[in-house]
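A look at the structure
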Amino acid sequence: MFYGGGQERGLRPGTENTPMIAGLGLAAMLATQNLEKESNYVKECRDYLEYRLSETFGGKLVVNCKDCKERLPNTSNFAIFLENCSSSNVLERANFVASKGAACHSQNTSKPSQILLNSGVSYEVAMNSIRVSFGVYNTKE
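Residues numbered from 1 in each chain as written. Predicted model: local features only at pLDDT ≥ 70, side-chain atom pairs only at ≥ 80, totals over all residues. Heavy atoms only, no water.

1. What about the overall build of the protein?
Regarding its fold elements, the protein presents 5 helices and 3 strands. Helices and strands appear in the protein in the N-to-C order α-α-β-β-α-α-α-β. Across the 141 residues that make up the protein, the buried fraction comes to 22%. For the protein, restricting intrachain contacts to residue pairs at least 6 apart in sequence, the fraction spanning at least 24 positions comes to 57%. (Helix = DSSP H or I, 4+ residues; strand = E, 2+ residues; numbered from the N terminus. Buried < 20%, exposed > 50% of the residue type's maximum accessible area, 1.4 Å probe, protein only. Contact = heavy atoms within 4.5 Å.)

Right, here's the structure in full:
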């Protein structure tokens, strides 16, 4: 149990870090200034990747949650089904960094992401899924 000091009227220990609180407020303000523009840009990058993957792999590509109403603009999750080729093989040959799942799931590669399964993605597709995230410093190239 922690007890407060006299400067906090006994309610909590320590002193608020006022400079950090002000910095967090400024960071939040700066992050929201260009939010719509940046959101549209990363969505454009995501959609371009999915378009190019579709052109290249056709029916061997499954884009997870593509038709979901509420979808993150910066993230694409897909599976490519090629003969004798897993998502790990695809990532080894890729010219960019991506993952087979969320960071919180990275230690358990023998089971698919529960989030994908709960989103209606089949077990086989979830096991072969690749996740790509975009930021404002990414380009289509």
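Moving on from the coordinates now.
2. Focus: helix 2 (residues 35-57)
An ideal rise of 1.5 Å per residue puts 33 Å on 23 residues; helix 2 measures up with 32 Å between its terminal C-alpha atoms. What helix 2 keeps buried is the set V42, C45, R46, L49, E50 and L53. Check the buried side of helix 2 and you find it contacts strand 1 (61-63), strand 2 (75-80) and strand 3 (129-133). (Expected span 1.5 Å × (residues − 1).)

3. What about the sheet that holds strand 3?
Strand order across the open sheet formed by 3 strands is 1-2-3, with antiparallel pairing between neighbours. The strands lining the two open edges of the sheet, one partner per strand, are strand 1 and strand 3. If you compare each strand with its neighbour and ignore which way they point, the axes differ by 30° on average. Direction of pairing for strand 2 relative to strand 3: antiparallel, over a ladder of 5 bridges. Among the inter-strand pairings, F78 is bridged to a residue of strand 3, identified as I130. Along the sheet, helix 2 contacts strand 1, strand 2 and strand 3; its crossing angle with strand 2, the most-contacted strand, is approximately 10°. (Pairing = 2+ DSSP bridges. Axes fitted to C-alpha atoms, helices over the stretch in contact; angles between N-to-C directions.)

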